[in-house]
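If you want the building blocks of each chain, they are given just below.
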Amino acid sequence: MAALFYRKGEMIMTNLILSGCSGRMGHVLEALCRDSPEFHVVAGFTLLRGEQREFPVYTVPLEFTGTADVVIDFSNAAALTPLLGFCTARRVPVVLATTGYCQAQLEEIAAAAEQIPVFRSANMSLGINVLLDLVRKAASILGNDYDIEIVERHHNKKLDAPSGTALMLADAAASALPVQPEYVFERQSRRQPRSACEIGISSVRGGNIVGDHTVIFAGRNEVIEIKHSAMSREVFASGALKAARFLVGVARPGQYSMTDLMAQEISQAE
Ligand SMILES: NC(=O)c1ccc[n+]([C@@H]2O[C@H](COP(=O)([O-])OP(=O)(O)OC[C@H]3O[C@@H](n4cnc5c(N)ncnc54)[C@H](O)[C@@H]3O)[C@@H](O)[C@H]2O)c1
């Protein structure tokens, strides 16, 4: 690893790079770190040239020559290759919170995780990860007898659709169903009734909605809805800081997720 910790008084500090520092999430993370005795931002990566911040900003990650304990990335799927190039060359663990990766990029991430610790989650909130467990449980009990529909709602600036979280929720339900469902993203071109074996996923974009996800289990004469609403981006930013703390502690190459983080939190609470 490039660096471990340094001490400021009694506090162990973690040196952090914010990838995507000029974005919405980057600003929220910066504000949390400013108030934190634990995290110190040593650099930011962004697409925007000439940004003046409290830390040095780079458009090319490898131009940063300092040391860091961990990178948190809330940027864009297109930033992946140079970011992983930097992290593997400098042996810096990375928390990937960006969404919208294609299959080839997921393979790139898996290859990097053979060299460095990589934490990836399309949703950093603990609440959504509880929702995933609830959805798995409901699907295992209700099976293919209930129609599953997922509705996600986000702000009007979001680039990818459906959200990475909606896909995680669909995967959670599918993993618990006896017959594997087809994911249906639009019905306009289909002039046919819904089949029993599908999961419909709908995206709503508008205003400044931070992120809502509803999973609907519609049966004969009853409907169950399980919903999560993020009220503020802080929920994702503080989850990403928890993930960074976890990753620095793990220090072994591999792919990690919220499941690992939650398992660690439960075992520490026992
Ligand atoms: N995992 C989660 O919990 C979670 C929560 C919120 C957002 N997100 C995801 O995080 C990402 C960022 O969200 P945001 O709302 O802050 O976006 P944003 O558009 O406000 O900011 C994007 C940032 O990435 C940088 N960037 C864009 N393209 C780049 C490229 N090709 N190379 C390098 N940098 C690039 C921009 O300069 C900017 O700093 C999105 O993928 C979003 O879906 C994930």
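Structure report, in brief. Counting of residues starts from 1 at the beginning of each chain's written sequence and follows it residue by residue. A pLDDT threshold of at least 70 governs which residues receive local features in this predicted model, and a stricter bar of 80 or more applies before side-chain atom pairs are shown or counted, although totals over entire chains, interfaces and linings include all residues. Hydrogens and water molecules were not included; the side-chain quantities draw on all heavy atoms of the structure.

### Here's the deal with the packing of helix α1 (residues 24–34) against helix α6 (residues 234–250)
Each packed pair of helices is defined by two parameters, the angle between the axes and the distance between the axes. Fitted lines through C-alpha atoms serve as axes, helices being fitted only where they are in contact, and the angles separating the N-to-C directions of these axes extend from 0 to 180 degrees. The helix and strand labels rest on DSSP assignments: H or I over at least four residues marks a helix, E over at least two residues marks a strand, and numbering proceeds from the N terminus. Contact pair α1 / α6: the axes reach a minimum separation of 9 Å and the direction vectors enclose 60°. Two packed elements cross with a definite hand, and for α1 against α6 that hand is right-handed. Listed contacts from α6 to Met 25, Val 28, Leu 29, Leu 32 and Cys 33 of α1 are Glu 234, Phe 236, Ala 237, Ser 238 and Leu 241. Taken together, the residues that form the contact of α1 with α6 break down as eight nonpolar, one polar and one charged. A clockwise turn of the near helix away from the far one marks a right-handed crossing, whereas an anticlockwise turn of less than a right angle marks a left-handed crossing. In what follows, residue pairs with any heavy atoms lying within 4.5 Å of each other are defined as contacts. Just so you know the grouping, Ala, Val, Leu, Ile, Met, Phe, Trp, Tyr, Cys and Pro go in nonpolar, Asp, Glu, Lys and Arg go in charged, and all remaining residues, Gly too, go in polar.

### Details of the pairing of strand β7 (residues 117–120)
Only strands that DSSP links by at least two bridges are regarded as paired with each other. Across three bridges, the pairing between strand β6 (residues 94–96) and β7 is parallel. Within the sheet, the bridge partner assigned to Val 94 lies in β7 and is Val 118. Remark: the β6/helix α3 (residues 103–112)/β7 crossover connection has right-handed handedness. For crossovers, right-handed means that the path from the first strand over the helix to the second runs clockwise, given strands pointing away from the viewer.

### Quick word on the site of the ligand
Among the 23 residues in the neighbourhood of the ligand, the closest are listed as Ser 22, Arg 24, Met 25, Thr 99 and Met 124. Taking Ser 121, its main chain carries an N or O atom lying 3.1 Å from a nitrogen atom of the ligand. Structurally, the ligand is housed in the largest pocket. Here the shell around the ligand is composed, by residue class, of ten nonpolar, ten polar and three charged. We call a residue near a molecule or strand whenever a single non-hydrogen atom of that residue lies within 4 Å of it. Pairs of N or O atoms are called polar contacts if they sit within 3.5 Å, as long as, within protein, a hydrogen donor faces a hydrogen acceptor (for residues adjacent in sequence, only side-chain-to-side-chain pairs). Only protein atoms enter the 1 Å grid used here. Points where a 1.4 Å probe fits but cannot escape make up a cavity, open sets with protein on both sides within 12 Å along at least five of seven lines make up a pocket, and a residue lines them when an atom lies within 4 Å of a point. For this analysis, a molecule is said to be in a pocket or cavity if more than half of its atoms are within 2 Å of the grid points defining it.

### Here we look at unusual backbone geometry
Glycine aside, residues mostly have negative phi angles, and peptide bonds mostly take the trans form. The linkage connecting Ala 161 with the following residue, Pro 162, adopts the cis geometry, with an omega of -5°. Mapped onto the elements, Pro 162 comes out in the loop between β8 (147–154) and α5 (164–175). At Asn 221, a position not held by glycine, the phi torsion is positive, near 75°. Tracing the backbone through its elements, the reader meets Asn 221 in the loop between β11 (211–219) and β12 (222–230). One non-glycine residue, Ala 251, adopts positive backbone phi at about 60°.

### Regarding the layout of surface pockets
In this structure, the largest pocket spans a volume of roughly 1100 Å³. As for the largest pocket, its lining consists of 43 residues, of which Arg 24, Phe 74, Ser 75, Asn 76 and Thr 98 are closest to the centre. Looking at the lining of the largest pocket, the elements that each hand over two or more residues are α1, α2 (80–90) and α5. The dominant element in the lining of the largest pocket, judged by the number of residues it contributes, is α1, at three residues. Grid points are joined across faces, edges and corners, and a volume is the space filled by probe spheres set on the points.

### Examining the pattern of salt bridges
Salt bridges are defined as contacts in which a side-chain nitrogen from Lys or Arg sits within 4 Å of a carboxyl oxygen from Asp or Glu. In total, this model carries 16 salt bridges according to the counting rule given. Salt-bridge contacts for Arg 245 lead to Glu 38; the nearest nitrogen and oxygen are separated by 2.8 Å. Of this pair, Arg 245 sits in helix α6 while Glu 38 sits in the loop between α1 and β3 (39–45); the two residues are 207 residues apart in sequence, bridging distant segments of the chain. In this structure, a network of salt bridges that share partners links the residues Asp 147, Glu 149, Glu 182, Arg 187, Arg 190, Arg 194 and Glu 198.

### A word on the nonpolar core
To form a nonpolar core, buried Ala, Val, Leu, Ile, Met, Phe, Trp, Tyr and Cys residues must be joined to one another through side-chain atoms within 4.5 Å. When accessible area is computed with a 1.4 Å probe and restricted to protein chains, residues below 20% of their type maximum are described as buried, those above 50% as exposed, and intermediate ones as partly exposed. With 32 residues, the main nonpolar core has Leu 16, Ile 72, Phe 74, Val 95, Phe 119 and Met 124 as its most contacted residues. When residues of this core are traced back to their parent elements, those giving at least two are β2 (11–19), α1, β3, β5 (70–73), α6 and α7 (258–269). At ten residues, the largest contribution of residues to this core is made by α6. Not counting residues within four places of it along the chain, the set of residues in contact with Val 95 comprises Val 70, Val 71, Ile 72, Asp 73, Phe 119, Met 124, Ala 240, Ala 243, Ala 244 and Leu 247.

### Regarding the environment of Ser 19
Examined against the element boundaries, Ser 19 turns out to sit in strand β2. Given the relative accessible area of 5%, Ser 19 is considered buried. Spatially, the C-alpha atoms of Ser 19 and Tyr 58 are 9.3 Å apart, while their sequence positions differ by 39 residues. With residues near it in sequence (within four places) discarded, Ser 19 still touches Phe 45, Val 71, Ile 72, Asp 73, Phe 74, Ser 75 and Leu 83.

### Topic: the packing of aromatic side chains
In this analysis, rings of Phe, Tyr and Trp, with Trp reduced to its six-membered ring, are considered paired at centre separations within 6.5 Å, and the interplanar angle assigns stacked below 30 degrees, edge-to-face beyond 60, and tilted for intermediate values. All told, the structure shown has five aromatic pairs when counted by the stated rule. Aromatic pair Phe 45 and Phe 86: ring centres 5.3 Å apart, planes at 85°, arrangement edge-to-face. On the criterion of sequence distance, the pair formed by Phe 45 in strand β3 and Phe 86 in helix α2 is long-range, its members being 41 residues apart. Judged by relative accessible area, which is 4%, Phe 45 ranks as buried. A connected cluster of aromatic rings, assembled from ring pairs, spans Phe 45, Tyr 58, Phe 64 and Phe 86.

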